[in-house]
Amino acid sequence: MTTILMLISIVYLILIGYFIYGWNRLPIFKLQYLPPQIQFSVIIPFRNEEKYINELLYSLSKLNYPNSLFEILLIDDASEDRSKDICLEFQRKNPELQIDILTNKRRSNSPKKDAILTAINLSSYDHIITTDADCEVPINWLQAFNEKLITTKASLIAGPVGFPGTIPTSIVAIFEEIDFMSLQAAGAAAFGNKKAFMCNAANLCYKKTAFIEVEGFTGNDHISSGDDVFLLQKLQEGNFAVAYLRSPEAEILTNYQQNFSFLISQRIRWAAKSSAYTSNFSKLTGLIVLLMNLFLCITAALCFLSNISYKLVIISFLMKFYIDLILLIKWNFYFGKLNILKHYLWCSLLYPFFTSYIAILSLFSGYEWKGRKSRK
């Protein structure tokens, strides 16, 4: 058992080393304040977001980009709170902005994909840019994507997503942020290696013409999540150029999950779609990460139940600990959140058990999200 663990650890070390190499290759983006050229359709589905949507709308009103070059499409997905009323009030108070408030047209098992498709069908511009209703956008958000599009001509550009600058006091939020940072860092690094397999719809831009050419969400609309990852994989299979916007000035800020139960549901939702991935690299990455964490859990337990050497388990853990830390330091240094890594030790001890638990639950359990229950 420990021999298998050591072999998996070596493979894991190579994988994360490959991500570190990819991060180093990823172009650093700096605003040059080129003239605004690109016209954007900003698409934001929402459901029961009255707690957060005011912050998002306020940040949209402060964008440093000509109002004539972007429209805001807000899609109400059967909200049961005041979310729609808040959007209507925002529309009334900001007549200088191009704002449309739409009602989601359900077509599939995925409400969010349906909402995005509803907006795309009514959008005026070729460049679609999406975010979530519980986020805030930076003031130079559209300007950054404008310049990246001008310089790369990419059909899809993914951007960073983070949390507010202060370190949270909740241990659940701290764990969530460090876990999320590891996903963000790996996803961004894969772009640097030309092996992109992960992005986040909270900060994603793509061409409508490319979306239509690959038939959008057709083929994965039976899966409730994955509007971002499946589209990325489709575009890459179609040989469309994709890029990552490595810039703190383009970083979207999101909110922490309300409690550990919400975090579990979110992570199950993310894990449930992995079986439908079409990218071999993403499947291999997921398998290696799962085996690394699962075997750490199993061998750690066996140390107490049998004669397995705890020294080899500790060596394996330390290999994972340090290689992950290098990648996180690179990410956090660039985005200015190194202080949170003082919690990295206890998070790294919890992480293998958390990840293994989520993976197992995603095979046998559904999840609840935005008041809806789903198997996938």
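For the structure given in this document, a descriptive report is provided here.

This part is about the pairing of strand β3 (residues 98–103). Of the strand pairs in this sheet, strand β2 (residues 70–76) and β3 are connected by 6 bridges, and their pairing is parallel. Looking across to β3, one finds that L73 is bridged to D100. Regarding topology, helix α3 (residues 83–93) serves as the crossover connection from β2 to the parallel β3, and that connection is right-handed.

Here the focus is the environment of F230. With respect to the element layout, F230 can be found in helix α8 (residues 229–237). What makes F230 buried here is its relative accessible area of 4%. Taking the C-alpha atoms as reference points, F230 and S274, 44 residues apart in sequence, are found 9.8 Å from one another. Here F230 is in contact with K113, N220, I223, S225, K273, A276 and Y277, once residues within four sequence places are set aside.

With that settled, consider the packing of helix α10 (residues 280–305) against helix α11 (residues 310–335). Packing of α10 against α11 brings their axes to within 10 Å, and their N-to-C directions diverge by 150°. It follows that α10 is roughly antiparallel to α11 by the angle criterion. In terms of crossing hand, the pair formed by α10 and α11 is left-handed. For the pair formed by α10 and α11, the contact residues are M292, N293, L296, T299, A300 and C303 on the first element and Y310, V313, S316, F317 and K320 on the second.

With 22 residues, helix α6 (residues 171–192) ought to run about 32 Å at 1.5 Å a step, and its terminal C-alpha atoms sit 32 Å apart, in line with that. For α6, the tally of buried residues reaches 18 of 22 residues, placing the bulk of the element in the interior. If you check the start of α6, you find a side-chain oxygen 3.2 Å away from the backbone N of V172, and it comes from S170.

Positive phi outside glycine occurs at A78, with the angle close to 55°. If you trace the backbone, A78 turns up in the loop between β2 and α3. The phi dihedral of N239 is positive, around 65°, even though this residue is not glycine.

Time to look at the sheet that holds β3. Spatially, β3-β2-β1-β4-β7-β5-β8 is the arrangement adopted by the 7 strands of the open sheet, whose pairing is mixed. With partners counted over all chains shown, the strands left at the sheet margins are β3 and β8 (242–244), one partner each. Adjacent strand axes in the sheet meet at a mean angle of 20°, parallel and antiparallel pairs treated alike. Those strands touched by α3 are β1 (40–46), β2 and β3, and its axis lies near 155° from that of β3. In the packing of helix α5 (residues 141–152) onto the sheet, the strands contacted are β1, β2, β4 (127–130), β5 (156–158), β7 (204–207) and β8, and the crossing angle to β1 comes to about 130°.

This next bit is on the nonpolar core. Counting residues in each nonpolar core, the largest one holds 75 residues, and the members touching the most others are I16, F19, W23, I43, Y206 and W331. With residues up to four places along the chain from it excluded, the contact list for W331 reads W23, P160, M181, Q184, A185, A188 and Y244. If you look at the next biggest cluster of nonpolar residues, it comprises 45 residues, including V137, L149, A202 and L245.

This part covers the packing of aromatic side chains. Aromatic ring pairs are reported here in terms of the distance separating the ring centres and the angle at which the planes meet. For the structure shown, the criterion picks out 22 aromatic pairs. Pairing F163 with Y256 gives two aromatic rings, centres 4.4 Å apart and planes at 5°, and the pair type is stacked. You can see F163 sitting in the loop between β6 (161–162) and α6 and its partner Y256 sitting in the loop between β9 (252–253) and α9 (260–272), a full 93 residues away along the chain. Neither residue differs from the other here; F163 and Y256 are each classed as buried. Their ring planes at 75° and their centres at 5.7 Å tell us that F197 and F281 sit as a pair that is edge-to-face. Within this pair, whereas F197 is found in the loop between α6 and β7, its partner F281 is found in helix α10, the two being separated by 84 residues in sequence. The same class applies to F197 as to F281, namely buried.

Analysis parameters
- Residues numbered from 1 in each chain as written.
- Predicted model: local features only at pLDDT ≥ 70, side-chain atom pairs only at ≥ 80, totals over all residues.
- Heavy atoms only, no water.
- Pairing = 2+ DSSP bridges.
- Helix = DSSP H or I, 4+ residues; strand = E, 2+ residues; numbered from the N terminus.
- Right-handed = clockwise from strand over helix to strand, strands pointing away.
- Buried < 20%, exposed > 50% of the residue type's maximum accessible area, 1.4 Å probe, protein only.
- Contact = heavy atoms within 4.5 Å.
- Axes fitted to C-alpha atoms, helices over the stretch in contact; angles between N-to-C directions.
- Parallel < 35°, antiparallel > 145°, perpendicular 65-115°, else oblique.
- Left-handed = near helix turned anticlockwise from the far one by under 90°.
- Expected span 1.5 Å × (residues − 1).
- Polar contact = N/O pair within 3.5 Å; in protein donor to acceptor, adjacent residues only side chain to side chain.
- Core = buried A, V, L, I, M, F, W, Y, C linked by side-chain atoms within 4.5 Å.
- Phe/Tyr/Trp six-rings, centres within 6.5 Å; stacked < 30°, edge-to-face > 60°.

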